[in-house]
Amino acid sequence: TDNALVVNAGIDMATTPGNTLQINSSVVGGFTPYNYLWTPSTGLSNPTILNPTATPLSTTIYTLTVTDNSNCVGTDAMKITVSY
């Protein structure tokens, strides 16, 4: 059976300094429970949850790495552009 782990870090977003954005990421497939890790963790409310809030001070590409219960790993990245 095809139970591939598919990670979607969410759409790229734009903001201005000091604003907080909700990251809307998703994971399908694989085997729960999942472990989440966002890198870099700079500006994130919690780098180990699926949908943290982000308050970056400069343009940042955030990468979400998800490991499922059978040690399959999926990654995806999204970019938050900060305009002054």
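Above this text is the structure in question.
The structure reproduced in this document is the subject of the present report. Chains are numbered independently. Their residues run from 1 in the order of the written sequence. This being a predicted model, a pLDDT of at least 70 is required before a residue's local features are given, and a value of 80 or more before pairs of side-chain atoms are given or counted; all residues contribute to the totals for chains, interfaces and linings. Only hydrogens and water are set aside; all other atoms, that is, all heavy atoms of the structure, feed into the side-chain values.

Turning our eyes to something else, we now look at the overall build of the protein chain. Looking only at helices and strands, the protein chain features zero helices and eight strands. Each helix corresponds to a stretch of at least 4 residues labelled H or I by DSSP, and each strand to a stretch of at least 2 residues labelled E; elements are numbered beginning at the N terminus. Seen in sequence order, the protein chain has helices and strands lined up from the N terminus as β-β-β-β-β-β-β-β. Taken along its principal axes, the extent of the C-alpha atoms in the protein chain is 50 × 20 × 15 Å. Taken over 84 residues, the protein chain has a buried fraction of 31%. Partly exposed residues are those whose accessible area sits between 20% and 50% of the maximum for their type, while under 20% is buried and over 50% is exposed, using a 1.4 Å probe and protein chains only.

Here we take up the environment of Val28. Mapped onto the fold, Val28 is located in strand 4 (residues 26-28). Separated by 21 residues in sequence, Val28 and Val7 place their C-alpha atoms 6.8 Å apart.

Below, the discussion takes up the sheet that holds strand 5 (residues 35-39). For two strands to count as paired, DSSP must find a minimum of two bridges between them. In spatial order, the strands read 2-8-7-5; together these four strands make up an open sheet with mixed pairing. The sheet is open, and its two borders are formed by strand 2 (13-15) and strand 5, each paired with just one other strand. The sheet shows a mean angle of 25° between the axes of neighbouring strands, taken without regard to direction. Axes here mean lines fitted to C-alpha atoms, for a helix over just the part in contact, with angles spanning 0 to 180 degrees between N-to-C directions.

This part covers the environment of Val82. You can see Val82 is positioned in strand 8 (residues 73-82). When the C-alpha positions of Val82 and Thr63 are compared, they lie 17 Å apart, and in sequence the two are 19 residues distant. The contact rule is simple, with two residues in contact once any of their heavy atoms fall within 4.5 Å. Setting aside residues up to four positions removed in sequence, Val82 forms contacts with Thr15, Thr16, Pro17, Pro56, Leu57, Ser58 and Thr59.

Turning next to the pairing of strand 8. Judged from the three bridges that link them, strand 2 and strand 8 form a sheet pairing that is parallel. Its bridge partner being in strand 8, Thr15 is matched across the sheet by Val82. Pairing between strand 7 (residues 60-67) and strand 8: eight bridges, direction antiparallel. By the bridge assignment, Thr67 is partnered in strand 8 with Val73. Here strand 7 folds back onto strand 8 in antiparallel fashion, the turn holding five residues, of which Asn71 has a positive phi close to 65°.

It is worth spelling out unusual backbone geometry at this point. In this structure, Pro33 follows Thr32 across a cis peptide bond, with omega equal to 0°. Checked against the element boundaries, Pro33 lands in the loop between strand 4 and strand 5. In this chain, Thr39 is followed by Pro40 through a cis amide linkage whose omega measures -10°. Inspection of the secondary structure assignment puts Pro40 in the loop between strand 5 and strand 6 (53-54). The residue Asn71 is not glycine, and still its phi comes out positive at about 65°. You can see Asn71 is positioned in the loop between strand 7 and strand 8.

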